[in-house]
Amino acid sequence: MSSTSLVQNQMYKEVDEKIIFEKASQFAKEYLESVFERNVYPTEEALFDLGKFDESMPQNSSKANDVLDFLNQIGSPATVATTGARYFGFVSGGAIPVSLAAKVISTFWDQAPAMHVLSPIGSVLETVVEKWLKEIFNLPASTVAGFVSGTSTANFCGLAAARFRLLSNLNWNINDKGLFNAPQLRIVTGKHAHSTILKAIGLLGFGKENIEWVDVDAQGKLELNNLPQLDDRTILILQAGNVNSGSFDNFSELCTIAKKAGSWVHIDGAFGLWAGAVDKLKHLTKGIEGANSWAVDGHKTLNTPYDCGIVLCKDEDAIKSALHMAGSYIVTSDKRDGMFYTPEMSRRARVIELWATMKYLGKKGIDEMILEMHKRAVQFSTEIMEVEGFSVLNDVVFNQVLVSCADDDLTDKVMKRVQELRECWAGGSVWNGKKVIRISVCSWATTASDITRSVNSFKHALNEIS
Ligand SMILES: *Cc1c(COP(=O)(O)O)cnc(C)c1O
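Not measured: the values here are computed from a predicted model.

> For the sheet that holds strand β10 (residues 427-431), give the residues involved together with the corresponding values.
The pairing of strands in a sheet comes from backbone hydrogen bonds and takes either a parallel or an antiparallel form. Pairing in this open sheet of 4 strands is antiparallel, and the strands run β8-β9-β11-β10 from one edge to the other. Edge positions in the sheet fall to β8 (391-392) and β10, since each of these pairs with one other strand and no more. Those strands touched by helix α12 (residues 351-385) are β8, β9 (400-404) and β11 (434-440), and its axis lies near 15° from that of β9. Helix α13 (residues 408-421) rests against β9, β10 and β11 of the sheet, and its axis sits at about 30° to β11.

> An account of the site of the ligand is requested, with residue identities and associated values reported.
The environment of the ligand is formed by 13 residues, the closest being S152, D268, D297, H299 and K300. One of the side-chain N or O atoms of S152 is found 2.5 Å from an oxygen atom in the ligand. Here an oxygen atom of the ligand and a side-chain polar atom of H299 are 2.8 Å apart. In the complex, the protein chains occlude 86% of the 380 Å² of accessible area that the ligand would expose alone.

> If you had to explain the domain arrangement of the protein chain to someone new, which residues and values would you point to?
Domain parsing of the protein chain yields domain 1 (6-81), domain 2 (102-358) and domain 3 (364-465). Using only C-alpha atoms to locate each centre, domain 2 and domain 3 end up separated by 30 Å. With 26 residues of domain 2 at the interface, the matching set in domain 3 holds 22 residues. Where domain 2 meets domain 3, there are 0 salt bridges. Split into classes, the residues belonging to the side of domain 2 that touches domain 3 amount to 12 nonpolar, 11 polar and 3 charged.

> Describe in detail the pairing of β11, supporting the description with residues and values.
Burial within β11 is extensive, with 5 of its 7 residues counted as buried. Pairing of β9 with β11, which is carried by 4 bridges, proceeds in the antiparallel orientation. Among the inter-strand pairings, L402 is bridged to a residue of β11, identified as R438. Across 5 bridges, the pairing between β10 and β11 is antiparallel. Directly across from V430, in β11, lies its bridge partner K435. In sequence, β10 turns back onto β11 through a hairpin of 2 residues, with N432 there showing a positive phi of about 45°.

Calculation rules
- Residues numbered from 1 in each chain as written.
- Predicted model: local features only at pLDDT ≥ 70, side-chain atom pairs only at ≥ 80, totals over all residues.
- Heavy atoms only, no water.
- Pairing = 2+ DSSP bridges.
- Helix = DSSP H or I, 4+ residues; strand = E, 2+ residues; numbered from the N terminus.
- Contact = heavy atoms within 4.5 Å.
- Axes fitted to C-alpha atoms, helices over the stretch in contact; angles between N-to-C directions.
- Near = heavy atom within 4 Å.
- Polar contact = N/O pair within 3.5 Å; in protein donor to acceptor, adjacent residues only side chain to side chain.
- Areas by Shrake-Rupley, 256 points an atom, 1.4 Å probe, with all protein chains shown as cover.
- Domains from an automatic or database assignment.
- Salt bridge = Lys/Arg side-chain N within 4 Å of Asp/Glu carboxyl O.
- Nonpolar A, V, L, I, M, F, W, Y, C, P; charged D, E, K, R; others polar.
- Buried < 20%, exposed > 50% of the residue type's maximum accessible area, 1.4 Å probe, protein only.

Next comes the structure, spelled out in structure tokens:
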């Protein structure tokens, strides 16, 4: 008997016995039970133990049971508790319980919604969620969605669609003729554009040096009176949710100017576009429907598990042409074939968790959950300002709070101490030339007492140092 069939026999046995699946489910449950109370960041010991993974490529196969035990024993303590209630680093969403459960089911289905024929369920859910997203963000009827890994990719896709359309309007087919000798397009964006926008600009061959930078105001919003003259060769890139301050560009006015000039507007709304789904916050996204493409994450504000971004594009032909592929074995249908809206052909059916989240929360639940994040951010800001030695440097319009101490050195030290205390976790950034500790309230799980507990940890850290 060859070793391959030995492994095959073993795998059939694992499927029959199902012990490893019960085990995985048990580990998952134990994790869930501890994640709200445990240290938010792994201990030094847990990080040290990660060295145990560093072995040479195994020559022989292992018992599945042992693989799982090893993973859980060393891996679990070394996770960052981003699904807990006091992780405020970067802009990291929590994970809605039902979205995790739906992900478990979808893991077993292992669908690839490249084509309808490959995954009818994936195709149908993508069609349904596309419709829901259009409704919730109030986007034009012609808008289509591509389900990608995150906003980095969604920004790339939106800008690829822009490049295709503006050049094709100038009789230049980018797919056939390429970028060498193409008519030059212009990129106009604010000085606070997210780094993934710059990455996409590099990848698409525009060149960062060619960006026409627009000054921003004290909150990071693009300043209208500094906007250069726009034209039909211009891609204007705006932002719904500044990654530091959480501020929003003035979409109504900017989109109106851009439309008159024949420019393409792309909005990076990774976490901020969701303000549009909240009655009391939707003034922030007023006018976004005037853009041509939008990028947004499910895995931030909406709290789906990771690996969930969406590109939305008003111009179906542009995005499909930009991301198009063909092959003799491709089977297209009159239904949705997902691969025409994404750079990948094969990809996981991430729409399943997104669907489960939206189905579970409904419009009201989404509104309530995101408004709560805003309220908790405001609470953090109010409580930290009451502590002698801390200031808040931004207007807390959404979920971001920028905190600083008397000077950069002290801010740095307090941040490091807060991180060591592991009661909560927040990272650093620079705001208008000053070092800041950046708080992003982005989890369904954060309660008022989590905020007070975290503010106390900040207070404690400052007391210890000064
Ligand atoms: C997080 C973020 C991105 C990148 O999104 P990913 O999902 O991490 O790829 C882009 N823009 C803004 C404003 C963000 O906050």
